[in-house]
Structures are given as structure tokens and as C-alpha cells.
Amino acid sequence: MNRSGALYIERDSFFHRLDGSVKLLMLVAWSAFVFMFMDLRIFGGLIVAGAWLLYLSKLPFRAMKPLIILVMVFTFFNSLFLILVTPEYGSQLAGRRTVALQLWGVGLTWETLCFALTLSLKYLAILPITLLFLLTTHPSSFAGSLNRLGVPYQVAYAVNIALRYIPDVHEEVQTIIHAQEARGVEFQKGEAGILRRLRNYGTVLLPLLVTSLHRVEVVSNAMDLRGFGKHPARTWYSRKPLTRQDLMAALGSLLLVGVGLYLRKRGLGKFWVIG
């Protein structure tokens, strides 16, 4: 995360040179392809392909690590709750029932375990292209690209501002936490139990809300003084014309969706159970 461009990390790679609208198209096409299937073999292939694309992007792993851990924790608990709440759902989808484990008189089926694994891989298959989009797209470039796609420039600029102020909000949270710690409020492990520390984070919300509203007022006043919104159209300093690489990437994205539709028409990609 950097102050000039939210989550954007500057590198010299093929993906950094692509237009923001093309990367948005890639994200939508990749996600659409993933949601066409329920086959963990396809998701495994997509994860490997996505890891290779991340390698080509030259992004540092330490920048991606927090988001990867967050998604993995989410998928783990999502699968756990799925197994606990609907232990027979996988068998209903597969049309067969193979008891793998008995827990308190309830049979956990092999098909449900496969379904939970498939669902987890489905979420993880979207992660690489999402990281590429978030970490290689500068907010200003993305806002200009949205406007190129027909999104009103007021909306595009609002997205730009939201992405730009993520680092500022993060820094403001840290400042408030340090101020509260100076007043004796415990936030660190070892100072208080986890429930008390979670409750103490409530003392951060109100100061954060007040400072955020103050920031919104300052920015809106500055935009009003500059006549933002007066004209129906505006120019973009960072928007560049589409290149051959952009067109090739866009064509590849549309081709991916076409391949997905073809495979679905052939009956492939339905829920697949190991064994």
C-alpha cells in the first residue's frame, strides 16, 4: 500500500502497462469463467495459471500475503460452517451417499467434503486475478478507464477518491489507536483478554467517523471551489489510448468466456466428486 495510489504497487510488467478498463474486463471474464463450473480440476488449473500470471507481474509476495491469508481464512471457515450446517448437501448434488465420518450420530459424507473443497478452490481461483487488478491498477488510470466505458466521470472520480484514501484511513486508525493506548486503553496481546481488546476497538470508531467526515467536507469544498461537476464531460491526465497489448488482452478475456460457454454446452464443469 502506498500513499500515492492506494494498493497500487509500481513495477514494469505487462499487466502494469495494460489499461485499467482492460484489466477490469479480465477480472469480470475470469470470474464469469470460474462461476460457470463446479469442478475442482478446473479450479486447480486456474489457480496454477493465476500463480504464473502473478509471477509475471513481478509483484512482491509480502504485499499479497495479507490478502491471501484473509481469503484462505474466509474459505476455511466458510467450508467448516458448510460442513456443519449441511452435512448432506454434497450427496444431494452428486446423487449418491458415501459416509466418510460419523460425528455425534450424524453422517458426514465424502461428497460433502468434496463439495466444501471445490467451493474453497472456487474462491481461491478468483484470488490471483483480483490481486492483479488491485495491485497493478493505479486509481487515476482506473477512473479514466471507467469513464471510457461510459461511467459518468462523477462516479469514476468517486471511485478514484475511495481508493486513494484507503492508506489515509489506515494511517488515521493507527494514530487513533496510539492516542487511545496513551490514555491506557489496551489493544495489544498480553495487556487484556481478546474480548476486552475487541471491545476496546469500539473506542476507535467514533474518532475515525469524525475525522472521516471532516476529510469529506474538506475534499468536497475543494472540489466545489474548482467547479467540479459544472461541465458534462472532462479530460483525464492519466488516460492513455488503447494499445495492441490492450486489445489482445481484451480479446483473450472474451475468448475465455467463449471457451467457458462452449464447455458448459458440452456438459462439462458440473460438480465432480473424487473417486
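Residues numbered from 1 in each chain as written. Predicted model: local features only at pLDDT ≥ 70, side-chain atom pairs only at ≥ 80, totals over all residues. Heavy atoms only, no water.

1. Quick look at the UniProt feature "transmembrane region" (unreviewed entry) in the chain
Thought 1: On the UniProt side, "transmembrane region" (unreviewed entry) is annotated at positions that read residues 27–55, 67–87, 107–135 and 247–263 here.
Thought 2: Secondary structure across residues 27–55 comprises 86% helix and 0% strand; the distance between its end C-alpha atoms is 17 Å.
Thought 3: Counted over residues 67–87, helix gives 90% and strand 0%. Its end C-alpha atoms are 29 Å apart. (UniProt positions renumbered as here; feature names shortened; annotations may be inferred. Helix = DSSP H or I, 4+ residues; strand = E, 2+ residues; numbered from the N terminus.)

2. Overview of the side chain of T118
Thought 1: You can see T118 is positioned in helix α6 (residues 110–136).
Thought 2: On the accessibility criterion, T118 (0% relative accessible area) is buried.
Thought 3: Looking at T118, its side chain comes within polar contact range of the main-chain oxygen of C114, at 2.7 Å.
Thought 4: With near-sequence residues (within four places) excluded, T118 lies in contact with M38, D39, L40, F43, F271 and W272. (Buried < 20%, exposed > 50% of the residue type's maximum accessible area, 1.4 Å probe, protein only. Polar contact = N/O pair within 3.5 Å; in protein donor to acceptor, adjacent residues only side chain to side chain. Contact = heavy atoms within 4.5 Å.)

3. A look at a nonpolar patch on the surface
Thought 1: Together, I69, V73, F76, F77, L80, F81, L84 and V85 line one region of the surface with nonpolar side chains, adding up to about 800 Å² of accessible area.
Thought 2: For F77, the location among the structural elements is in helix α4 (residues 61–85). (Patch = residues over 30% accessible without salt bridge, like charges linked within 9 Å, V, L, I, M, F, W, Y side chains within 5 Å. Areas by Shrake-Rupley, 256 points an atom, 1.4 Å probe, with all protein chains shown as cover. Salt bridge = Lys/Arg side-chain N within 4 Å of Asp/Glu carboxyl O.)

4. Details of the pattern of salt bridges
As a working rule, side chains carrying opposite charge can pair if their charged atoms are close by.
Thought 1: Applying the stated criterion to the full structure yields six salt bridges.
Thought 2: Note that R17 and D12 form a salt bridge whose closest N and O atoms lie 2.6 Å from each other.
Thought 3: According to the relative accessible area criterion, R17 is partly exposed, its value standing at 45%.
Thought 4: In this structure, R41 engages D39 in a salt bridge whose closest nitrogen and oxygen atoms are separated by 2.7 Å.

5. Focus on α4
Thought 1: Between its terminal C-alpha atoms α4 stretches 35 Å, which fits the 36 Å expected from 25 residues at 1.5 Å a residue.
Thought 2: Taken together, the buried residues of α4 touch α3 (40–56), β2 (106–109) and α6. (Expected span 1.5 Å × (residues − 1).)

6. Remarks on the pairing of β2
Thought 1: Bridge count for strand β1 (residues 99–103) against β2 is four bridges, and the pairing is antiparallel. The partner of V99 across the bridge, within β2, is T109. (Pairing = 2+ DSSP bridges.)

7. Quick look at the environment of V185
Thought 1: The topology assignment puts V185 in the loop between α9 (166–182) and α10 (194–200).
Thought 2: Between the alpha carbons of V185 and N200 there is a distance of 6.8 Å; along the sequence they are 15 residues apart.
Thought 3: If near-sequence neighbours (up to four positions away) are discounted, V185 is found in contact with Q180, N200 and T203.

8. Overview of the packing of aromatic side chains
Thought 1: Counted under the stated rule, the structure contains nine aromatic pairs.
Thought 2: Ring geometry for Y157 and F228: centres 5.0 Å apart, planes at 40°, overall tilted. Pair noted here: Y157 is in helix α8 (residues 153–164) and F228 is in the loop between α11 (202–225) and α12 (244–265), with a separation of 71 residues, a long-range link.
Thought 3: Y157 sits in the partly exposed class, given a relative accessible area of 24%.
Thought 4: According to the relative accessible area criterion, F228 is partly exposed, its value standing at 27%.
Thought 5: Taken together, the aromatic side chains of Y89, F115 and F271 make up a single cluster linked through ring pairs. (Phe/Tyr/Trp six-rings, centres within 6.5 Å; stacked < 30°, edge-to-face > 60°.)

9. Some thoughts on the packing of helix α2 (residues 20–35) against α12
Thought 1: α12 packs onto α2 with a crossing angle of 15° between their chain directions and a minimal axis gap of 9 Å. With respect to their mutual orientation, α2 and α12 come out roughly parallel. For α2 against α12, the interelement crossing comes out left-handed. Contacts between α2 and α12 involve V22, L25, M26, A29, W30 and F33 on the former and, on the latter, D246, A249, A250, S253, L256, V257, V259 and G260.
Thought 2: Looking at the contact of α2 with α12 residue by residue, the class counts come to 11 nonpolar, two polar and one charged. (Axes fitted to C-alpha atoms, helices over the stretch in contact; angles between N-to-C directions. Parallel < 35°, antiparallel > 145°, perpendicular 65-115°, else oblique. Left-handed = near helix turned anticlockwise from the far one by under 90°. Nonpolar A, V, L, I, M, F, W, Y, C, P; charged D, E, K, R; others polar.)

10. A word on the environment of P167
Thought 1: Structurally, P167 is set in helix α9.
Thought 2: Spatially, the C-alpha atoms of P167 and L7 are 8.0 Å apart, while their sequence positions differ by 160 residues.

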